[in-house]
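Geometric and topological summary
Okay, here's what each chain looks like letter by letter:
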Amino acid sequence: MSSWRNWSGLESASGLRTVTPRDAAEVVEVVTAARAAGQTVKAAGTGHSFTGIATPRHVHLLPERMRGILAVDREAMTVTARAGTQLKVFNAELERLGLSLHNMGDIAEQTLAGAVSTGTHGTGGRAAGLAAQVVGFELVTGTGEVVRASATEDADLLALGRAGLGALGVLTTLTFAVEPLFLLRAEERPMSWADALAAFDDLTASHDHVDMYWFPHADRMLTKRNTRVGTDLSAAEPLPRWRGWLDDDLLSNTVFGTQTALLNRVPRAIPAANRFASRLLGPRTYTDVAHRVFTTERRVVFREMEYAVPRAAGLDVLRECRTAFERSGLRVSFPVEIRVAPADDVALSTSYGRDSFYLAFHTHRDADHTAYFALMEAIVRDHDGRPHWGKLHHLDAGDLAARYPRFGDFVALRDRLDPDRVLTNPYLDRVLGA
């Protein structure tokens, strides 16, 4: 028997039978045996979800042998990979092939299956979410059947299952729409709160990808603007190695991790520390291959809650959150991340059918996040907020059904593909119904 623990340390399980299948046929054997024994199966890779969405109860399917690229179709501009491939490995392989995803989030440790199933997303672009870039997949259902979905083969399963929460089946392969490898010009600079909000709409209109970080207790933001500059790789001007090490390794990980851990012991010092840190932020500009600009290594363990609200209401919601926070007397050392996304057609995507404005709230892993997240969650819920499936929230099936037009269709599909709930766990019972 083995045990499992997620990255944040909030979820764990013990007494598990862990299996490492190599392909769909072996996944079928695992699922079929578990169903016959009245047990459940969960595929959990790197455990980067903060929620219990992947927490196993009986059989832990570890996808570490289901990795690598299977097919490249340069005419259709698609790439098919095994579902256990980590995003960082997939990005590196795509670069070697002269290809790239259109968009991605800033962490690349997750498996493809985990990132797609939980609705992981970046900011801006034609498609922000990874699931919106999926054009096909193969999975093993809760009854042990291998099914495939694409635009020409079970298109409704594709529409409903791209962000499938792990509730419809065990993903074994994923096919992504890709494009020629391109460069991004990254411009990072601090701005005042007032200037950043006043310029926000113009910035998102004039740059392909915009990301902002507001430091609680301070009046400043770090803004990140990424602009596509073509496919001529000779035009790359990456950060000098020393600057990348200083900013992203030493300051953003080692120093920030040490500082926030110490501030947990003296929370009264957090406001001054945040104001001081926000004034140290300096501008930098560089141009590099897309995935090296999009993604960043994060070694400081934290807790996170993220909600998507309608884009048109976003700035007002952000102002409301700041006002409530400053009245609360709470002390928070981590910044709030602000992103936007275009509407997509992925049924359980947080951006389904509407342009979205994302607010992500963080705390250090050793800080009590409950009061802070509860305060912020009450505000974003009132603005028709949709929570990220892999990040902390308190919504249940009744709440979520009102937020997703195709929620009932998804639940009906789950009833068909996993009638005995071989793939469930307490989190899925809460958000989808038992």
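Report follows, based on the coordinates. (Residues numbered from 1 in each chain as written. Predicted model: local features only at pLDDT ≥ 70, side-chain atom pairs only at ≥ 80, totals over all residues. Heavy atoms only, no water.)

Regarding the overall build of the chain
Applicable threshold: Each helix is a run of H or I in the DSSP string that is no shorter than four residues. Each strand is a run of E no shorter than two, and both are numbered from the N terminus. Throughout this description, buried means an accessible area under 20% of the type-specific maximum (1.4 Å probe, protein chains only), exposed means over 50%, and partly exposed covers the range between. A contact between two residues is defined here by any heavy atoms of the two lying within 4.5 Å. Computed by Shrake-Rupley with a 1.4 Å probe, the accessible areas treat only the displayed protein chains as cover when residues are assessed. None of His or the chain ends enter the tally, which takes Lys and Arg as positive and Asp and Glu as negative. Here the site of a charge means atom NZ of a Lys, CZ of an Arg, CG of an Asp or CD of a Glu.
Per the secondary structure count, the chain includes 13 helices and 19 strands. Expressed along its principal axes, the backbone C-alpha trace of the chain runs to roughly 60 × 50 × 40 Å. The proportion of buried residues among the 434 residues of the chain is 58%. Within the chain, contacts between residues separated by at least 24 positions form 74% of all contacts whose residues are at least 6 apart in sequence. Total accessible area computed for the chain in this model is approximately 17400 Å², and 51% of it derives from carbon and sulfur atoms. Averaged over its 49 positive side-chain charges, the chain has a centre that lies 5 Å from the centre of its 53 negative ones.

Some words on the sheet that holds strand β10 (residues 169–177)
We apply this condition: Strand pairing is assigned whenever DSSP detects at least two bridges linking the two strands. Every axis in this analysis is a line fitted to C-alpha atoms, fitted for helices over the stretch in contact. Angles between the N-to-C directions lie between 0 and 180 degrees.
The antiparallel open sheet is built from five strands, whose spatial order is β5-β6-β10-β8-β9. In this open sheet, the two strands that pair with only one neighbour each are β5 (69–73) and β9 (146–150). Each neighbouring strand pair of the sheet contributes to a mean axis angle of 15°, computed without reference to strand direction. With seven bridges connecting them, strand β8 (residues 134–141) and β10 associate as antiparallel partners. Opposite Val-134, over in β10, you have Phe-176 as the bridge partner.

Some details on the side chain of Glu-188
Worth spelling out the cut-off: Polar contact is the term for a pair of N or O atoms within 3.5 Å; when the atoms are in protein, one must be able to donate a hydrogen and the other to accept it, and sequence-neighboring residues count only if both atoms are side-chain atoms.
With respect to the element layout, Glu-188 can be found in strand β12 (residues 183–192). A polar contact of 2.8 Å, which involves the side chain of Glu-188, links it to the side chain of Arg-284.

Thoughts on the packing of aromatic side chains
Heads up, the rule is: Ring pairs are drawn from Phe, Tyr and Trp, using the six-membered ring of Trp, whenever the two centres fall within 6.5 Å, and their geometry is named by plane angle: stacked under 30 degrees, edge-to-face over 60, tilted for the rest.
Inspection of the entire model under this criterion finds 13 aromatic pairs. For the pair Phe-361 and Tyr-372, a centre-to-centre distance of 5.9 Å together with 85° between the ring planes defines the contact as edge-to-face. One end of the pair, Phe-361, is in strand β18 (residues 356–364); the other, Tyr-372, is in helix α10 (residues 370–382), with 11 residues separating them in the sequence. Both residues of the pair, Phe-361 and Tyr-372, belong to the buried class.

What about the side chain of Arg-311?
Secondary-structure assignment places Arg-311 in the loop between β16 (302–310) and α9 (314–328). Of the polar contacts made by the side chain of Arg-311, one reaches the side chain of Asp-201; its length is 2.9 Å. Within the structure, Arg-311 has its side chain in polar contact with the side chain of Thr-204 (distance 3.4 Å). Beyond its immediate sequence surroundings of up to four residues, Arg-311 is in contact with Phe-200, Asp-201, Thr-204, Val-340, Asp-355, Ser-356 and Phe-357.

Focus: the packing of α9 against α10
Between two packed helices, what matters for the description is the angle formed by their axes and the separation of those axes. To be explicit about the condition: Left-handed describes a crossing whose near helix is turned anticlockwise from the far helix through less than a right angle; right-handed describes the clockwise counterpart. Following the grouping adopted for this structure description, the nonpolar residues are Ala, Val, Leu, Ile, Met, Phe, Trp, Tyr, Cys and Pro, the charged ones are Asp, Glu, Lys and Arg, and the polar ones are all others, Gly among them.
Direction vectors running N to C along α9 and α10 enclose 145°, while the axes themselves pass 10 Å from each other. The interaxial crossing formed by α9 with α10 has right-handed handedness. Here Val-317, Glu-320, Cys-321, Ala-324, Phe-325 and Ser-328 of α9 come into contact with α10, specifically with Tyr-372, Leu-375, Met-376, Ile-379 and Val-380. Its residues assigned to classes, the contact of α9 with α10 comprises nine nonpolar, one polar and one charged.

A few points about the pattern of salt bridges
Here is the rule: For this analysis, a salt bridge means a side-chain nitrogen from Lys or Arg found within 4 Å of a carboxyl oxygen belonging to Asp or Glu.
For the structure on display, the rule yields 28 salt bridges. Asp-156 is the salt-bridge partner of Arg-406, the closest N and O atoms lying 3.0 Å from each other. Of this pair, Arg-406 sits in the loop between α11 (397–401) and α12 (407–417) while Asp-156 sits in helix α4 (residues 155–161), placing them 250 residues apart in sequence. Under the relative-accessibility criterion, Asp-156 is labelled partly exposed at 41%.

Concerning the sheet that holds strand β3 (residues 41–43)
On the basis of which strands lie adjacent, the open sheet formed by four strands has the order β1-β2-β4-β3 and mixed pairing. With one partner strand each, in any of the chains shown, β1 (2–5) and β3 form the two edges of the open sheet. Neighbouring strand axes in the sheet, compared pairwise and without regard to direction, differ in orientation by 50° on average. Where β3 lies against strand β4 (residues 59–61), three bridges are found, and the strand directions are parallel. Bridge pairing in β4 links Val-41 to Val-59.

Some remarks on helix α7 (residues 270–280)
Basically, it comes down to this: The directions from the helix axis to the C-beta atoms form the arc being described.
The complete set of buried residues in α7 reads Ile-270, Pro-271, Ala-273, Asn-274 and Ser-278. All buried residues of α7 project into a common sector of 160° when viewed along the axis, lining one side. Exposed side of α7, more than 90 degrees from the buried face: Phe-276, Arg-279 and Leu-280 are the residues found there.

What about unusual backbone geometry?
Even without being glycine, Asp-154 reaches a positive phi, approximately 60°. Its place among the elements puts Asp-154 in the loop between β9 and α4. Even without being glycine, His-217 reaches a positive phi, approximately 75°. Within the secondary structure, His-217 sits in the loop between β13 (209–214) and β14 (220–228).

Quick look at helix α2 (residues 87–96)
Leu-87, Phe-90, Asn-91 and Leu-94 are the residues of α2 that are buried. For α2, the arc enclosing every buried residue in end-on projection is 100°, short of the 170-degree limit, so these residues lie on one face. Elements that come into contact with the buried residues of α2 comprise β5, β6 (78–82), β7 (99–100), α3 (112–117), β10 and α8 (290–294).

Remarks on the pairing of β14
The element β14 is extensively covered by neighbouring structure, given that seven of its nine residues are classed as buried. Where β12 lies against β14, nine bridges are found, and the strand directions are antiparallel. Of the residues in β14, the one forming a bridge with Met-191 is Met-221. Connecting β13 to the antiparallel partner β14 that follows it, the hairpin turn spans five residues, and His-217 within it adopts a positive phi of roughly 75°.

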